[in-house]
Amino acid sequence: LALSISAAPWQGPLSAVRIGKQEGKFVLNPTYAQRRESPMDFLIGTLEENNKTLLNMIEAEAEEVPESEFEQAFSFAKPFLEQMTKLQKEMVKEHGKEKMVLEDPPQDLTLENEAKELIGNKLEQALFQGDKKARMDAVNELKKEVVAIIDARYPGLEKGNYIKEFFEREIDRLMRTRGLKEGLRVDDRKTDELRQLAGRVSLLPRTHGSALFERGQTKTLSILTLGTPGDHKLMEGMEFSGKKRFMHHYNFPPYSTGEVKPMRGPGRREIGHGMLAEKALLPVIPTVDEFPYTIRIVTECLSSNGSTSMASVCSATLALMDAGVPIKKPVAGISVGLLTDPNSEDYKILTDIQGPEDHHGDMDFKVAGTKDGITAIQMDVKVKGITEEIFKNALEAARKARHTILDEVISRVLPEPRKELSKWAPRIYILQINREKIGELIGPGGKMIRQITEECEVEIDVEDDGKVFITSIKEEGAKKALEWIQNMMREPVIGETYQGRVVSTLAFGAFVEIFPGQEGLVHISELAPHRVARTEDVVKVGDVIPVKVLKIDGQGKVSLSLKQAKNS
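How each quantity is defined
- Residues numbered from 1 in each chain as written.
- Predicted model: local features only at pLDDT ≥ 70, side-chain atom pairs only at ≥ 80, totals over all residues.
- Heavy atoms only, no water.
- Helix = DSSP H or I, 4+ residues; strand = E, 2+ residues; numbered from the N terminus.
- Buried < 20%, exposed > 50% of the residue type's maximum accessible area, 1.4 Å probe, protein only.
- Contact = heavy atoms within 4.5 Å.
- Pairing = 2+ DSSP bridges.
- Axes fitted to C-alpha atoms, helices over the stretch in contact; angles between N-to-C directions.
- 1 Å grid on protein atoms, 1.4 Å probe; cavity = no way out; pocket = protein on both sides within 12 Å on 5 of 7 lines; lining within 4 Å.
- Points joined across faces, edges and corners; volume = space filled by probe spheres on them.
- Nonpolar A, V, L, I, M, F, W, Y, C, P; charged D, E, K, R; others polar.
- Salt bridge = Lys/Arg side-chain N within 4 Å of Asp/Glu carboxyl O.
- Polar contact = N/O pair within 3.5 Å; in protein donor to acceptor, adjacent residues only side chain to side chain.
- Phe/Tyr/Trp six-rings, centres within 6.5 Å; stacked < 30°, edge-to-face > 60°.
- Lys NZ or Arg CZ within 6 Å of the ring centre and 35° of its normal.
- Expected span 1.5 Å × (residues − 1).
- Parallel < 35°, antiparallel > 145°, perpendicular 65-115°, else oblique.
- Left-handed = near helix turned anticlockwise from the far one by under 90°.

Caption draft 1: Molecular detail of unusual backbone geometry. Residue Pro13 is bonded to the preceding Gly12 through a cis peptide linkage, with omega at 10 degrees. Looking at where Pro13 falls in the secondary structure, it is placed in the loop between helix 1 (2–5) and strand 1 (15–22). With phi around 60 degrees, Ser202 is a residue other than glycine that occupies positive phi space. Positionally, Ser202 belongs in the loop between strand 5 (197–201) and strand 6 (209–215). Phi angles above zero are rare outside glycine, and Ser307 is one such case at about 55 degrees. Mapped onto the elements, Ser307 comes out in the loop between strand 11 (294–303) and helix 9 (308–322).

Caption draft 2: View of the environment of Ile58. Its location among the elements puts Ile58 in strand 4 (residues 52–65). Given the relative accessible area of 0%, Ile58 is considered buried. Residues Ile58 and Lys190, spaced 132 residues apart in sequence, show a C-alpha to C-alpha distance of 26 Å. Not counting chain neighbours up to four residues away, the residues in contact with Ile58 comprise Phe42, Leu43, Phe365, Ile377, Gln378, Met379 and Phe391.

Caption draft 3: Seen up close, the sheet that holds strand 16 (residues 427–432). Taking strand neighbours across the sheet as the criterion, the three strands line up as 16-18-17 in an open arrangement whose pairing is antiparallel. Edge positions in the sheet fall to strand 16 and strand 17 (459–462), since each of these pairs with one other strand and no more. Direction aside, the axes of adjacent strands within the sheet are offset by 20 degrees on average. As defined by bridge partners, strand 17 adjoins strand 18 (residues 467–472) across four bridges and the pair is classed as antiparallel. In the sheet register, Val462 faces strand 18, and the bridge partner there is Val468. Of the strands in this sheet, strand 16, strand 17 and strand 18 are in contact with helix 14 (residues 475–489), which crosses strand 16 at around 10 degrees.

Caption draft 4: Highlighting empty space enclosed by the protein. Inspection of the entire model under this criterion finds one cavity of 30 Å³ or more. Taken as a whole, the largest cavity encloses approximately 50 Å³ of empty space. Considering the residues around the largest cavity, the lining is formed by Phe128, Met175, Gly179, Leu184, Arg185, Val186, Leu339, Leu350 and Glu357. Partitioning the lining of the largest cavity into residue classes produces six nonpolar, one polar and two charged.

Caption draft 5: Fine view of the sheet that holds strand 21 (residues 518–523). On the basis of which strands lie adjacent, the closed barrel formed by five strands has the order 19-20-21-23-22 and mixed pairing. Pairs of neighbouring strands in the sheet enclose a mean axial angle of 50 degrees, with direction left out of account. Here strand 19 (residues 497–506) pairs with strand 22 (residues 544–552) via five bridges, running antiparallel. Looking at the pairing, Thr497 lines up with Lys548 of strand 22.

Caption draft 6: Up close: the pattern of salt bridges. Overall, the coordinates contain 42 salt bridges when judged by the stated rule. Put simply, Asp362 and Arg176 hold a salt bridge, and the shortest N to O gap is 2.6 Å. Taken together, the positions of Asp362 in the loop between helix 10 (355–360) and strand 14 (363–369) and Arg176 in helix 7 (residues 159–182) put the pair 186 residues apart, joining distant regions of the chain. Considered together, Asp362 and Arg176 belong to a single accessibility category, that of buried residues. Glu536 serves as the salt-bridge partner of Arg534, at 3.9 Å between the closest nitrogen and oxygen.

Caption draft 7: Main features of the environment of Ile430. One can find Ile430 in strand 16. Considered as a pair, Ile430 and Gly230 are 200 residues apart in the sequence and their alpha carbons are 13 Å apart. With near-sequence residues (within four places) excluded, Ile430 lies in contact with Val288, Asp289, Pro292, Lys467, Val468 and Phe469.

Caption draft 8: Quick look at the environment of Glu416. Considering the arrangement of structural elements, one finds Glu416 in the loop between helix 11 (388–413) and strand 16. Remark: the alpha-carbon pair of Glu416 and Leu318, spanning 98 residues in sequence, is separated by 9.1 Å. Among the polar contacts made by the side chain of Glu416, one reaches the side chain of Lys419 at a distance of 3.5 Å.

Caption draft 9: Quick look at the side chain of Lys437. Examined against the element boundaries, Lys437 turns out to sit in the loop between strand 16 and helix 12 (438–442). You can call Lys437 buried: its relative accessible area is 11%. When sequence neighbours within four positions are dropped, the list of residues in contact with Lys437 reads Met488, Met489, Arg490, Glu491 and Gln518.

Caption draft 10: Structural view of the packing of aromatic side chains. A complete count under the given rule lists eight aromatic pairs for this structure. Ring centres of Phe291 and Tyr293 lie 4.7 Å apart, and the angle between their planes is 40 degrees; on these two criteria the pair is classed as tilted. Accessibility classification places Phe291 together with Tyr293 in one group, the buried group. By way of ring pairs, the aromatic residues Phe26, Phe76 and Phe80 are connected into one cluster. Across from the ring centre of Tyr154, 5.9 Å away, lies the NZ or CZ of Lys159, which sits over that ring. We note Arg206 situated over the ring of Trp424; from NZ or CZ to the ring centre the distance is 3.8 Å.

Caption draft 11: Broad picture of the side chain of Ser307. For Ser307, a relative accessible area of 13% puts it in the buried group. Apart from residues no more than four positions distant in its own chain, Ser307 is found in contact with Arg215, Thr218 and Ser335.

Caption draft 12: Up close: the pairing of strand 23 (residues 558–561). Summarising the sheet, strand 21 and strand 23 pair through two bridges and their orientation is parallel. When the sheet's bridge partners are listed, Val522 is paired in strand 23 with Leu560. Strand direction decides the pairing type here: strand 22 and strand 23, joined by four bridges, are antiparallel. For Lys548, the partnering residue across the bridge sits in strand 23 and is Ser561. Connecting the antiparallel pair strand 22 and strand 23 is a turn made up of five residues, with Gly556 showing a positive phi of about 85 degrees.

Caption draft 13: Summary view of helix 9. Here helix 9 contains 15 residues, and its C-alpha end-to-end distance of 20 Å stays within 8% of the 21 Å for a straight helix at 1.5 Å per residue. For helix 9, a buried count of 15 out of 15 residues is recorded, marking the element as mostly surrounded by other parts of the structure. One or two residues past the end of helix 9 sits Gly324, with phi positive at roughly 85 degrees.

Caption draft 14: Just the packing of helix 8 (residues 268–281) against helix 9, in detail. The contact between helix 8 and helix 9 brings their axes to 9 Å, and the two run at 50 degrees. Looking at the two axes, helix 8 sits oblique to helix 9. As helix 8 runs across helix 9, the sense of the crossing is right-handed. For the pair helix 8 and helix 9, contact is made by Arg269, His273, Leu276, Ala277, Ala280 and Leu281 and by Thr308, Ser309, Met310, Ser312, Val313, Ala316, Thr317 and Leu320, respectively.

Taken by themselves, the reported measurements are silent on function.
Quick look at the structure:
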């Protein structure tokens with residue numbers, strides 16, 4: 001609205017809404033509480049052109065929601081979006097300033113004709129070939145050649161810069177013309193055809209899980225590490241506060257595009273693509289009760305020629321299954337592109353776009369999901385927007401491609417998660433204890449829990465609700481700690497008999513440890529069926545004796561009997 005009423009050149013107004021779902025009905029701009037319960041979180045940005053509502057931006061995450069529901073959600077949102085746009089237009093009429101008029105850059109038709117003569121059909125031949133490197137080398141060589149000739153003809157006038165821009169426009173024109181008229185793509189694929197697919201798992205034997213996914217010259221390697229519950233990431237933000245136990249990180253090194261430049265911290269691409277893949281995978285990650293591990297995946301883009309983010313979804317899925325993470329279903333992703341005719345309503349949807357189709361095309365429509373539905377969508381466009389018809393057709397193209405990847409690659413490489421974890425992965429045991437006994441487990445100043453972790457070589461994480469996680473690379477250590485804590489947490493039952501160790505003797509009786517950290521008193525009168533003069537006449541420190549629980553008072557003090565235990 002601010003841009004609309006200003007003098008700045010602007011093709012808006014834009015409108016945007018968020019759509020959720022509750023009890024089977026769509027909800028406009030749901031609250032945070034409603035969003036937590038909603039199976040879909042669908043953000044839509046639109047503008048109007050020729051009385052048509054065009055989709056300008058999409059961002060969505062969902063729990064395997066069918067394509068048809070996204071179509072219905074957009075239909076539900078349209079009246080509200082149109083209402084917002086109408087309001088903005090009314091405010092522009094009342095408050096808007098006169099827009100600045102930008103002049104079109106001057107066009108040098110003579111120079112363009114000279115360049116066309118020099119280019120001839122060489123650009124078309126260079127551009128329309130399958131191999132990315134050969135194509136880029138040929139296109140760049142031709143560009144250098146034409147620029148050099150023009151600069152030589154017009155020394156000192158820097159005409160070469162104009163030709164460089166013209167060259168890019170010629171690539172746009174050629175791709176659009178041949179794509180729309182002949183359905184021809186730069187690598188001779190059909191508009192709905194995927195590039196060659198492949199996948200491998202367990203490439204890196206020392207990791208907990210690893211997988212490589214290939215789609216043409218786009219190749220991603222995902223490496224998975226399983227951590228303890230205490231390795232989770234603590235989040236404190238405006239919209240979310242809590243523990244994050246699943247993380248997907250994405251690296252896009254310069255060599256993946258054949259470039260040499262410094263490796264720096266994560267940028268816009270790394271953060272955005274890593275988060276998109278994380279959103280796509282999150283709905284199939286098992287709950288902490290089903291699988292208590294913290295899961296971190298790092299995807300390395302080894303080679304990039306279009307939609308590494310969706311390739312990372314595929315390699316990450318395989319890495320999860322390779323590690324033995326019991327995901328609900330495999331997830332795959334694909335990017336769909338678009339070519340439009342500015343002079344007509346003709347368009348072509350392109351499945352599995354590669355570099356030039358992304359750069360010179362009109363849309364990057366990324367969709368990830370399972371066989372049963374969508375888990376994430378992200379769309380950006382280089383035109384003003386797309387129609388509802390294009391939206392529906394793009395969803396369908398993405399669905400078909402996703403199913404092909406799931407059927408022909410993922411299910412063949414690894415049809416289901418491995419039954420056993422890697423031998424290098426830590427083992428985790430879960431134990432539920434009484435919340436009131438957490439302090440007893442930790443001990444004064446952490447003494448008890450420190451003793452267990454050191455003697456058993458384990459890590460112990462205790463939740464506020466009494467849930468205890470015992471983690472160790474050595475299974476025997478974890479089992480030892482589990483048994484130790486179970487014994488500590490055992491509660492004596494009145495009338496039951498236990499084997500206990502005498503820990504101290506006093507004039508009035510003996511204290512016996514029946515469980516680790518759990519003691520009771522055998523009064524001197526309960527040591528034997530006859531009168532006992534001295535406690536040490538019957539038992540000594542270190543003796544292991546049977547004792548029967550007589551009573552437990554309100555403070556938890558336990559009274560034991562040796563004589564009754566022997567009689568029983």
